[in-house]
Amino acid sequence: HGVAISSAAGNVPSFIRPNQDDFCFVVTTDGYHVAGIFDGHGRDGHRVAAVARERMLQSVLRHLPTDTKDAKHTEVMECLAASFVSVQKELASWEEDDLDVSFSGVAVCMLVFNVKRKVLYTSW
């Protein structure tokens with residue numbers, strides 16, 4: 001599919017931390033390419049980014065219209081918007097473990113390419 005991904009941890013000599021970036025790229029059987037970029041920040045930014053990646057991808061794939069040829073633009077945009085709202089609510093009320101969501105977070109950009117219609121949707 002001609003996809004390459006590269007990421008590097010920030011370089012602050014006095015503060016060694018893990019790379020807080022995450023990503024996803026999926027080609028669906030019904031004609032979508034879905035990609036996401038997740039830029040974590042804060043002490044647990046890498047963990048928040050990983051949770052956001054997992055939840056966003058699950059939500060987008062679950063709510064995308066299955067008929068790519070007749071998919072309406074509003075359906076895809078509503079899928080993306082609903083996914084962002086759902087993941088934000090889940091992270092804001094996170095209580096599963098010691099993940100610090102009060103001082104850590106993630107910036108997200110999602111892309112959905114409808115291959116059959118040759119339309120690219122972005123959301124952030």
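Relevant structure appears above.
Nothing here was measured: the structure is a model prediction, and the numbers come from that model.

Q: Summarise the sheet that holds strand 1 (residues 21-27); cite the residues concerned and give the values.
A: Reading across the sheet, the 4 strands line up as 1-2-3-4 and stay open at both edges, with antiparallel pairing between neighbours. Since the sheet does not close on itself, it has two edges, and those belong to strand 1 and strand 4 (119-123), each with one partner. Averaged over all pairs of adjacent strands, the angle between their axes in this sheet comes to 10°, without regard to strand direction. Here 5 bridges tie strand 3 (residues 105-114) to strand 4, and the two strands are oriented antiparallel to one another. Its bridge partner being in strand 4, Met110 is matched across the sheet by Ser123. Helix 1 (residues 45-63) rests against strand 1, strand 2 (32-41) and strand 3 of the sheet, and its axis sits at about 160° to strand 2. Each of strand 2, strand 3 and strand 4 is contacted by helix 2 (residues 73-92), which is oriented at about 25° to strand 4, the strand it contacts most.

Q: A description of helix 1 should follow, citing residues and the corresponding values.
A: Taking 1.5 Å per residue, 19 residues should reach 27 Å; helix 1 reaches 26 Å between its end C-alpha atoms and fits that length. Its buried side turned inward, helix 1 meets strand 1, strand 2, helix 2 and strand 3.

Q: Please provide a residue-by-residue account of the layout of surface pockets, values included.
A: For the largest pocket, the calculated volume is near 240 Å³. Taken together, 17 residues line the largest pocket, and the ones lying closest to its centre are Ile5, Asp22, Phe23, Gly36 and Ile37. Its residues assigned to classes, the lining of the largest pocket shows 10 nonpolar, 4 polar and 3 charged. Counted as a void, the second largest pocket has a volume near 200 Å³. Every residue lining the second largest pocket is counted, 13 residues in all, and those nearest its centre are Val48, Val87, Gln88, Leu91 and Val106. Breaking the lining of the second largest pocket down by element, the ones donating at least two residues are helix 1, helix 2 and strand 3. Per-element accounting of the lining of the second largest pocket gives the leading share, 5 residues, to helix 2. For the lining of the second largest pocket, the class distribution of residues is 10 nonpolar, 3 polar and no charged.

Q: I'd like a rundown of the side chain of Arg55, residues and numbers included.
A: For Arg55, the location among the structural elements is in helix 1. Look at Arg55 and you get buried, because its relative accessible area is 17%. Apart from residues lying up to four places away in sequence, Arg55 is in contact with Val87, Glu90, Trp94 and Glu96.

Q: Describe the nonpolar core, listing the residues and the values that go with them.
A: Core analysis: the largest hydrophobic core is formed by 26 residues, its most contacted members being Val34, Phe38, Val60, Leu64, Met110 and Val112. Mapped onto this core, the elements with two or more residues apiece are strand 2, helix 1, helix 2, strand 3 and strand 4. The greatest single-element share of this core, amounting to 7 residues, is contributed by helix 1. Beyond its immediate stretch of four places on either side in the chain, Val112 contacts Tyr32, His33, Val34, Val60, Leu64, Val76, Leu80, Val119, Leu120 and Tyr121.

What counts as what
- Residues numbered from 1 in each chain as written.
- Predicted model: local features only at pLDDT ≥ 70, side-chain atom pairs only at ≥ 80, totals over all residues.
- Heavy atoms only, no water.
- Pairing = 2+ DSSP bridges.
- Helix = DSSP H or I, 4+ residues; strand = E, 2+ residues; numbered from the N terminus.
- Axes fitted to C-alpha atoms, helices over the stretch in contact; angles between N-to-C directions.
- Contact = heavy atoms within 4.5 Å.
- Expected span 1.5 Å × (residues − 1).
- 1 Å grid on protein atoms, 1.4 Å probe; cavity = no way out; pocket = protein on both sides within 12 Å on 5 of 7 lines; lining within 4 Å.
- Points joined across faces, edges and corners; volume = space filled by probe spheres on them.
- Nonpolar A, V, L, I, M, F, W, Y, C, P; charged D, E, K, R; others polar.
- Buried < 20%, exposed > 50% of the residue type's maximum accessible area, 1.4 Å probe, protein only.
- Core = buried A, V, L, I, M, F, W, Y, C linked by side-chain atoms within 4.5 Å.

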